[in-house]
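# Survey of secondary and tertiary structure
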2 protein chains.
Amino acid sequence: MDIAEYRRRGKEMVDYVADYLENIENRDVYPNVEPGYLRKLIPEMAPEEPETYEEIMKDVERIIMPGVTHWHSPYFYAYFPAASSFPGMLADMLSCAIGCIGFSWAASPACTELETVMLDWLGKMLNLPEEFLAGTKGQGGGVIQGTASEATLVSLLGARSKALKRIKAEHPSLSEAEVLNKLVAYMSEQAHSSVERAGLIGGVQMKKLPTDGKFAVQASALMEAIKTDKAAGLIPFYFCATLGTTPSCAFDNLLETGPICNSEHIWMHIDAAYAGSSFICPEFRPLLNGVEFADSFNFNPHKWLLVNFDCSAMWVKKRTDIIGAFKMDPLYLQHDHQESGLVTDYRHWQIPLGRRFRSLKLWFVFRIYGKKGLQEHIRKQVKLAHEFENLVLQDDRFEICAEVIMGLVCFRLKGSNELNENLLKMINISRKIHLVPCHLAGAFVLRLAVCARTTDSKHIQFAWKTISEVATELLRKQPQ
Amino acid sequence: MDIAEYRRRGKEMVDYVADYLENIENRDVYPNVEPGYLRKLIPEMAPEEPETYEEIMKDVERIIMPGVTHWHSPYFYAYFPAASSFPGMLADMLSCAIGCIGFSWAASPACTELETVMLDWLGKMLNLPEEFLAGTKGQGGGVIQGTASEATLVSLLGARSKALKRIKAEHPSLSEAEVLNKLVAYMSEQAHSSVERAGLIGGVQMKKLPTDGKFAVQASALMEAIKTDKAAGLIPFYFCATLGTTPSCAFDNLLETGPICNSEHIWMHIDAAYAGSSFICPEFRPLLNGVEFADSFNFNPHKWLLVNFDCSAMWVKKRTDIIGAFKMDPLYLQHDHQESGLVTDYRHWQIPLGRRFRSLKLWFVFRIYGKKGLQEHIRKQVKLAHEFENLVLQDDRFEICAEVIMGLVCFRLKGSNELNENLLKMINISRKIHLVPCHLAGAFVLRLAVCARTTDSKHIQFAWKTISEVATELLRKQPQ
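Residues numbered from 1 in each chain as written. Chains lettered and ligands numbered in written order. Predicted model: local features only at pLDDT ≥ 70, side-chain atom pairs only at ≥ 80, totals over all residues. Heavy atoms only, no water.

### Comments concerning the overall build of chain A
- The helix and strand inventory of chain A stands at 14 helices and 11 strands.
- In terms of overall dimensions, chain A is globule-like: its C-alpha atoms have a radius of gyration of 24 Å, near the 23 Å expected for 480 residues.
- When the backbone C-alpha atoms are referred to their principal axes, chain A occupies close to 70 × 65 × 45 Å.
- At a minimum sequence separation of 6, the contacts of chain A that also span at least 24 residues come to 73%. (Helix = DSSP H or I, 4+ residues; strand = E, 2+ residues; numbered from the N terminus. Rg over C-alpha atoms; globule rule 2.2 N^0.38 Å. Contact = heavy atoms within 4.5 Å.)

### Thoughts on the pattern of salt bridges
- Across all of its chains, the model carries 65 salt bridges over all chains by this definition.
- Where Asp15 of chain A meets Arg7 of chain B, a salt bridge forms, and the shortest distance between an N and an O atom there is 2.9 Å. In this pair, Asp15 of chain A is assigned in helix 1 (residues 3-22) and Arg7 of chain B in helix 1 (residues 3-22), connecting two distinct chains.
- The salt bridge involving Glu473 of chain A is made with Lys477 of chain A; its shortest N-O contact spans 3.5 Å. Taken as a pair, Glu473 of chain A and Lys477 of chain A lie in helix 14 (residues 457-477) at a separation of 4 residues, close to a single helical turn.
- A relative accessible area of 59% places Lys477 of chain A in the exposed class. (Salt bridge = Lys/Arg side-chain N within 4 Å of Asp/Glu carboxyl O. Buried < 20%, exposed > 50% of the residue type's maximum accessible area, 1.4 Å probe, protein only.)

### Re the relation of the copies chain A and chain B
- With an axial shift of 0.0 Å and an RMSD of 0.0 Å, the rotation relating chain A to chain B amounts to 180°. Accordingly, the operation relating the two chain copies is best matched by a two-fold axis. The rotation axis passes nearest to the C-alpha of Lys11 of chain A in chain A, at a distance of 2.6 Å.
- Looking at chain A, 100% of its interface residues are interface residues in chain B too, so the copies touch through the same face. (Least-squares fit on C-alpha atoms with pLDDT ≥ 70 in both.)

### Observations regarding the nonpolar core
- By size, the foremost hydrophobic cluster in this structure holds 321 residues, and its most contacted members are Trp363 of chain A together with Trp363 of chain B.
- Residue contacts for Trp363 of chain A: discarding those within four places in its chain leaves Leu114, Met118 and Trp121 of chain A together with Ile42, Ile56, Asp59, Val60, Ile63 and Ile64 of chain B.
- Core analysis: the second largest hydrophobic core is formed by 71 residues, Val154 of chain A together with Ala159, Leu164 and Val179 of chain B among them. (Core = buried A, V, L, I, M, F, W, Y, C linked by side-chain atoms within 4.5 Å.)

### Things to note about the interface of chain A and chain B
- Each side of the interface is counted separately: chain A has 145 residues, and chain B has 145 residues.
- Where chain A abuts chain B, roughly 13100 Å² becomes buried across the two surfaces, and 68% of that area is made up of carbon and sulfur atoms.
- It is Arg39, Tyr332 and Arg367 of chain A in chain A that bury the most area against chain B; as a group they hold 7% of the surface buried on that side.
- For the salt bridge of Asp120 of chain B with Arg39 of chain A, the shortest nitrogen-to-oxygen distance reads 3.0 Å.
- Summed over the shared surface of chain A and chain B, the number is 58 residue pairs in polar contact (both at pLDDT 80 or more).
- At 16 residues, the largest contribution of residues to the side of chain A that touches chain B is made by helix 1 of chain A. (Buried area = accessible area lost by both parts, 1.4 Å probe. Polar contact = N/O pair within 3.5 Å; in protein donor to acceptor, adjacent residues only side chain to side chain.)

### A short note on the sheet that holds strand 3 (residues 205-209) of chain B
Residues and elements named next belong to chain B.
- Spatially, 1-7-6-5-4-2-3 is the arrangement adopted by the 7 strands of the open sheet, whose pairing is mixed. Here the strands that pair on one side only, and so sit at the sheet edges, are strand 1 (141-145) and strand 3. This sheet shows a mean twist of 20° between the axes of neighbouring strands, independent of strand direction.
- The sheet strands contacting helix 8 (residues 219-231) are strand 2 (183-188), strand 3 and strand 4 (235-242), and the helix crosses strand 2 at an angle near 160°. (Pairing = 2+ DSSP bridges. Axes fitted to C-alpha atoms, helices over the stretch in contact; angles between N-to-C directions.)

### Quick notes on the sheet that holds strand 8 (residues 398-400) of chain A
Residues and elements named next belong to chain A.
- With respect to topology, 4 strands assemble into an open sheet ordered 8-9-11-10, the strand pairing being antiparallel. Of all strands in the sheet, those bounded by a partner on one side alone are strand 8 and strand 10 (436-440). Averaged over all pairs of adjacent strands, the angle between their axes in this sheet comes to 40°, without regard to strand direction.
- Judged from the 4 bridges that link them, strand 9 (residues 408-413) and strand 11 (residues 443-449) form a sheet pairing that is antiparallel. Paired with Cys410 across the two strands is Arg447, which belongs to strand 11.
- The sheet contacts of helix 13 (residues 417-430) involve strand 8, strand 9, strand 10 and strand 11, and relative to strand 11 the element is tilted by about 30°.

### As for the UniProt feature "modified residue: N6-(pyridoxal phosphate)lysine" (unreviewed entry) in chain A
Residues and elements named next belong to chain A.
- Annotation from UniProt places "modified residue: N6-(pyridoxal phosphate)lysine" (unreviewed entry) at Lys303.
- With respect to the helices, strands and loops of the structure, Lys303 is situated in helix 10 (residues 301-304).
- You can call Lys303 buried: its relative accessible area is 18%. (UniProt positions renumbered as here; feature names shortened; annotations may be inferred.)

### Side note on the packing of helix 2 (residues 53-64) of chain A against helix 12 (residues 359-393) of chain B
- Direction vectors running N to C along helix 2 of chain A and helix 12 of chain B enclose 145°, while the axes themselves pass 10 Å from each other. With respect to the hand of their crossing, helix 2 of chain A and helix 12 of chain B are arranged in right-handed fashion. Between helix 2 of chain A and helix 12 of chain B, the contacting residues are Tyr53, Glu55, Ile56, Met57, Asp59, Val60, Ile63 and Ile64 of chain A on the first element and Leu360, Trp363, Phe364, Arg367 and Ile368 of chain B on the second. (Left-handed = near helix turned anticlockwise from the far one by under 90°.)

### Looking at the pairing of strand 7 (residues 312-316) of chain A
All names here are of chain A.
- Across the 5 residues that make up strand 7, a large majority, 5, are buried.
- Along strand 7, one buried face is formed by Ser312, Met314 and Val316 and the opposite face, lined by Ala313 and Trp315, is buried too.
- The sheet contact formed by strand 1 (residues 141-145) and strand 7 spans 5 bridges and is antiparallel. Within strand 7, the position partnered with Gln145 by the bridge is Ser312.
- The pairing of strand 6 (residues 296-299) with strand 7 spans 4 bridges and is classified as antiparallel. What sits directly across from Asn298, in strand 7, is Met314.

### Focus: the side chain of Ser73 of chain B
Residues and elements named next belong to chain B.
- Counting through the fold element by element, Ser73 comes out in the loop between helix 2 (53-64) and helix 3 (86-98).
- Using a relative accessible area of 0% as the deciding quantity, one classes Ser73 as buried.
- Sequence-distant contacts of Ser73, defined by excluding residues within four places in its chain, comprise Ile24, Val29 and Ala452.

### Side note on unusual backbone geometry
Residues and elements named next belong to chain A.
- Of note, the bond from Phe309 into Asp310 is cis; its omega dihedral lies within 30 degrees of zero at 5°.
- Following the sequence through the fold, Asp310 ends up in the loop between helix 10 and strand 7.
- The phi dihedral of Phe215 is positive, around 65°, even though this residue is not glycine.
- One can find Phe215 in the loop between strand 3 (205-209) and helix 8 (219-231).
- With a relative accessible area of 10%, Phe215 lands in the buried category.
- Within the chain, His265 stands out as a residue other than glycine whose phi angle is a positive 55°.
- With respect to the helices, strands and loops of the structure, His265 is situated in the loop between helix 9 (254-263) and strand 5 (267-271).

### Some remarks on the environment of Glu34 of chain B
- Mapping Glu34 of chain B onto the fold places it in the loop between helix 1 and helix 2.
- Apart from residues lying up to four places away in sequence, Glu34 of chain B is in contact with Trp105, Glu113 and His337 of chain A.

### A closer look at helix 1 of chain A
- In this model, helix 1 of chain A (20 residues) spans 28 Å end to end at C-alpha, consistent with the 28 Å of a helix rising 1.5 Å per residue.
- When we look at burial in helix 1 of chain A, the residues that qualify are Ile3, Tyr6, Arg7, Arg9, Gly10, Met13, Val14, Tyr16, Val17, Ala18, Tyr20 and Leu21 of chain A.
- Those residues of helix 1 of chain A hidden inside the fold are in contact with helix 2 and helix 3 (86-98) of chain A together with helix 1, helix 3 and helix 12 of chain B. (Expected span 1.5 Å × (residues − 1).)

### Quick look at the packing of helix 13 of chain A against helix 14 of chain A
Residues and elements named next belong to chain A.
- Relative to each other, helix 13 and helix 14 sit at 130°, their axes nearing to 10 Å. Looking at the two axes, helix 13 sits oblique to helix 14. The chirality of how helix 13 crosses helix 14 is right-handed. Packed against helix 13, whose contacting residues are Leu419, Asn422, Leu423, Met426, Ile427 and Ser430, the element helix 14 presents Thr466, Ile467, Val470, Ala471, Glu473, Leu474, Leu475 and Lys477 at the interface. (Parallel < 35°, antiparallel > 145°, perpendicular 65-115°, else oblique.)

### Comments concerning the packing of aromatic side chains
- This model, assessed by the stated rule, comprises 42 aromatic pairs over all chains.
- Geometrically, the ring pair formed by Phe237 of chain A and Tyr238 of chain A is tilted, given 6.0 Å between the ring centres and 35° between the ring planes.
- Taking the relative accessible area as the measure of exposure, Phe237 of chain A reaches 1% and is therefore buried.
- What makes Tyr238 of chain A buried here is its relative accessible area of 0%.
- Between Phe398 of chain A and Trp464 of chain A the ring centres are 5.1 Å apart and the planes differ by 65°, which places this aromatic pair in the edge-to-face class. Of the two residues, Phe398 of chain A is situated in strand 8 and Trp464 of chain A in helix 14; the sequence distance between them amounts to 66 residues. Residues Phe398 of chain A and Trp464 of chain A agree in their burial class; the two are buried.
- One aromatic cluster is present, built from ring pairs that chain together Trp71, Phe76 and Tyr79 of chain A together with Phe103 of chain B.
- The cationic tip of Arg447 of chain A hangs over the ring face of Phe80 of chain A; the distance from NZ or CZ to the ring centre is 5.0 Å. (Phe/Tyr/Trp six-rings, centres within 6.5 Å; stacked < 30°, edge-to-face > 60°. Lys NZ or Arg CZ within 6 Å of the ring centre and 35° of its normal.)

The following block contains the structure:
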C-alpha cells in the first residue's frame with residue numbers, strides 16, 4: 001500500500017469509523033457468539049500473497065463486528081467507562097504516524113516534554129498540591145502509565161525500594177531478603193484486584209483492610225492492622241487508598257489515614273482510576289482532600305476524561321523515589337542531556353521501556369473541550385446516574401445498595417442472590433443493554449455505570465424499562 | 001467536535017499524516033532543541049474554554065514537530081527500528097474507534113479470539129514448535145504484550161512462581177522468603193537492560209553470563225555459573241537467552257544452553273525482540289533452532305515486521321505457568337464462559353489489566369503484505385546493512401566490530417574511544433543522519449541500524465558519505 005492508496009483508504013476508514021459510531025445503537029451491545037466462533041471463520045494460516053484491502057474490510061463486518069462488545073454504545077453499562085472522543089482519536093492518528101518510541105528525552109524531546117507539561121496542566125485542573133507538579137524546578141511530576149495496574153505496581157516498587165534502603169540503614173545486619181519478608185502492604189478489601197496483584201508481583205505481603213458500612217477504609221482499620229503487624233515483628237510500608245472503588249465507588253478516608261501513613265513511614269498511594277476525572281469539578285474536589293498526605297496519586301483519563309485508552313495519569317511527590325527503583329543506563333540509551341536536571345527520561349518511571357506519544361491525546365482533548373467542556377461531561381454523567389437511581393427508588397421491588405456519588409449505581413431486587421443472578425443473566429441475554437455484577441457485603445448486586453460519551457436520558461430510561469420488564473417477567477415465574 | 005466535523009478533520013489528518021511521511025526526508029532527522037524548549041511555547045494552564053482545531057494543528061507544526069526525532073525518516077539509524085506501515089495505521093484507527101478494553105473474553109470476544117488466532121498465524125510463519133500454538137486444544141499459545149520488557153518480566157514471574165511451588169513441595173520446611181532468597185536467574189552480559197530490571201522487580205538475583213568472542217553466551221558459561229551457584233546453595237531457575245542483542249545483534253547458543261536448562265529445571269525464555277521478525281525467512285530460521293527447548297519465546301513485530309508500536313508477540317508452552325503467577329478473579333470480571341476451556345482471559349497473561357485491540361494490526365498487515373511481502377522487507381533491510389558494511393570495509397580508516405547478520409552494523413574508526421565519541425557527536429550534530437553508540441569489549445562503537453521502511457540504497461550511500469566526510473574532517477583536526 002503506497003501513500004496514494006493510504007490517502008484513499010484512510011479517508012474511507014474515517015467514514016467507516018464515523019458510520020460505526022453514528023449507528024452504534026443499531027447493533028446489539030453484547031455479541032451473540034460462542035467461544036471459538038472466530039477461528040472457524042478465518043484461514044488456518046496467514047496468506048502467502050497479498051490480499052486486497054476490500055477483502056479485509058468485508059471481513060471486518062463479517063468476522064470482527066459480530067464478536068465485538070460495543071463499549072461506546074449508549075446501552076453499555078458494564079465495568080467502568082472507556083473514554084473516547086473525536087479529538088482523542090485524531091491525536092492518536094498523529095501519534096501513530098510520528099511513531100516515536102519516547103523512552104528518553106533524546107528519543108523524541110517533544111514526546112517527553114509535552115507529557116510533563118500536560119501532566120502539570122492536568123494536575124492544576126485537579127488542584128493537586130504543588131509538590132506533585134514538575135514545573136521547571138519541582139522534585140515531583142507526572143507520567144502517563146498504560147493502566148492504573150501499572151501505576152499501582154510502580155508505586156509499590158518505589159515504596160519497597162525506599163523502605164529497603166531506610167530499614168537497611170537502621171539495621172545493617174538484616175539481609176535484603178529478611179527485610180522483604182517483614183514488609184507488609186495494605187489495601188481495602190474493596191480495592192481493585194490489580195492492587196493485590198502488585199503485591200504478588202513485588203513479592204510482599206498484601207493485607208486487606210476491612211471497610212465500614214459505606215465500603216470505605218477508616219483510620220481505625222488501618223491503625224489496628226499496623227498495631228497487630230508491628231507487634232508480630234512486621235514492617236508496614238505501603239497503603240493503597242482507593243477513591244471510587246470498582247464494586248461500589250466507595251471513597252477511603254484520606255484525611256484520617258493520610259497522617260497515620262506519614263507518621264509511620266508508610267507510602268500512601270491513591271488509586272482514583274475512575275473517580276479521579278471528577279475532581280476537575282469544584283463540587284467533587286473535596287473528595288480528594290487528603291491527597292496532600294500521599295506520596296503518589298493516579299487516575300485514568302482514559303476512563304472518564306474523554307481521552308481514548310490508554311492514558312493513566314500518575315504523579316509522585318519525589319520522582320527520585322520511583323526512578324531509584326528502576327534505573328538502568330546502558331550506553332545505547334544515554335544521551336548528552338540526561339544529567340541536566342531539566343530533563344527526565346520516562347523509561348525510569350515505568351515497567352516497559354518503549355512508550356507512545358500519548359500526551360498528544362491529552363493536548364487535543366483539553367484544547368477542543370476546554371476545562372468547561374470536560375466538567376460538563378462529568379456533570380452530565382453524574383446527573384444521569386441520579387436519574388437512574390431515582391427510577392430504582394420509585395420501584396418497591398428494588399433497593400439501592402450504595403450511595404450514588406459518581407456515575408455508578410449499585411442496585412438489586414429485594415430478595416435472594418439467586419434471584420438477582422437470574423435477573424442479570426436475563427438482562428444480558430436480551431442484549432439490549434449490558435451490565436456486570438459485584439458483591440457487596442455478601443449480596444449479589446447489579447452495577448449500572450454510565451459509560452458512553454453519548455449516553456442520554458432516553459438511554460437511561462430505556463435501560464430502566466428493560467430492567468424493570470425483565471424483573472416483572474422473572475418475578476412472575478418465581479414460586480410464591 | 002461532532003461526527004460531521006470528525007469526518008472532515010479525520011480526512012484532513014489522513015492528508016497531514018501522508019504529507020508528513022511523504023516529505024519526512026526534508027526534515028532534520030534529529031531535532032535542534034534544548035531541554036525545556038517546549039514549556040516556553042505552551043500556556044501554563046489548560047484553557048477554560050474550547051479552542052479551535054485550526055489552532056491546535058498550527059501548534060503541531062510550531063511546537064511539536066521541531067522537537068520530534070523522526071523515527072521514520074530514512075536517515076534515522078539509531079536504536080532499533082520502530083515498525084510502521086499504512087495497513088498498520090489503518091488498523092489502529094479501527095482499534096481506537098472500537099475502543100474495547102479486552103481484558104477478558106466477554107469484554108469483547110473478537111478482541112481475544114483474533115489475538116489467539118493471529119499469534120497462531122505468526123507462530124506458524126516462524127515455524128514455531130506445535131507446543132507453542134493454541135490451536136483448539138493446545139496448552140500453549142500466544143499473547144500480545146506491550147513491549148519485550150513486559151514479556152521478559154511475565155516470563156520471569158511465571159518461572160519464579162513455578163520454581164517456588166516445586167521447591168516448596170520438595171522442601172516443605174523452607175519458607176517462601178527463604179526460597180526466593182536462593183533463586184538465581186541468568187542473562188547475557190550483552191542482554192537488554194530490561195532483563196536485569198525484571199530481576200530487580202521480581203526480587204531475585206540476576207547474574208550476567210560472560211560471552212564469547214562473538215558476544216554470545218555459550219553452554220560453558222551457563223554450566224560454570226550453575227555449578228558455582230549450586231555449590232553456594234543457590235537455586236538456578238531462569239535463563240533469558242537473547243537472539244539479536246541490542247549492542248551488536250549477537251545470538252546466544254540455544255542448541256547447547258537449551259538442554260542444560262531443561263535438565264536443570266531452569267525456565268528458558270528467549271528474547272528475540274529485534275531479530276525475531278527475520279525468522280519468517282527460511283534462510284534465517286536456523287538462528288531460532290533450539291527454541292524447542294524454551295518455555296517462552298518473544299519478539300517484537302513492532303520493531304521489524306511493519307506492525308506499528310506497540311505489539312510484542314509472546315508464546316508459552318504451558319499457559320497455566322504464567323496464568324498461575326497472576327490469577328485474580330473478582331466477580332465483576334467473571335463471565336459465563338471462563339471455565340469452558342476454549343476461552344482464555346488475557347488479563348491473566350500480562351501486567352496491566354486493560355488491553356487494546358492490537359491483533360487488528362497484525363491481521364491487516366499480514367493480509368496486505370502477505371508472508372512474501374514481509375519476507376521481502378526483511379531481506380531488503382538485511383541487504384542494505386551489508387551494503388553499508390561493504391562501504392565500511394572498503395575504507396581502511398574504519399573497522400567492523402561484529403558480524404553483520406541482520407540489519408545492524410557495528411563499526412568504528414580504528415583508534416581511541418575518544419576519537420569515536422567525537423565522531424558520533426559530530427555526526428549527530430550535523431542532524432543529517434542519527435546514530436547511537438554501544439560498548440563492545442571495552443570499545444566505544446557506532447551502531448547503524450537500518451530502520452525506516454522506506455530506507456533505500458541511496459540513503460545508505462548518503463549515510464556513509466556523511467560519516468566518511470565527518471571522519472575526514474575529524475581526522476584532519478587530530479594531532480598526529
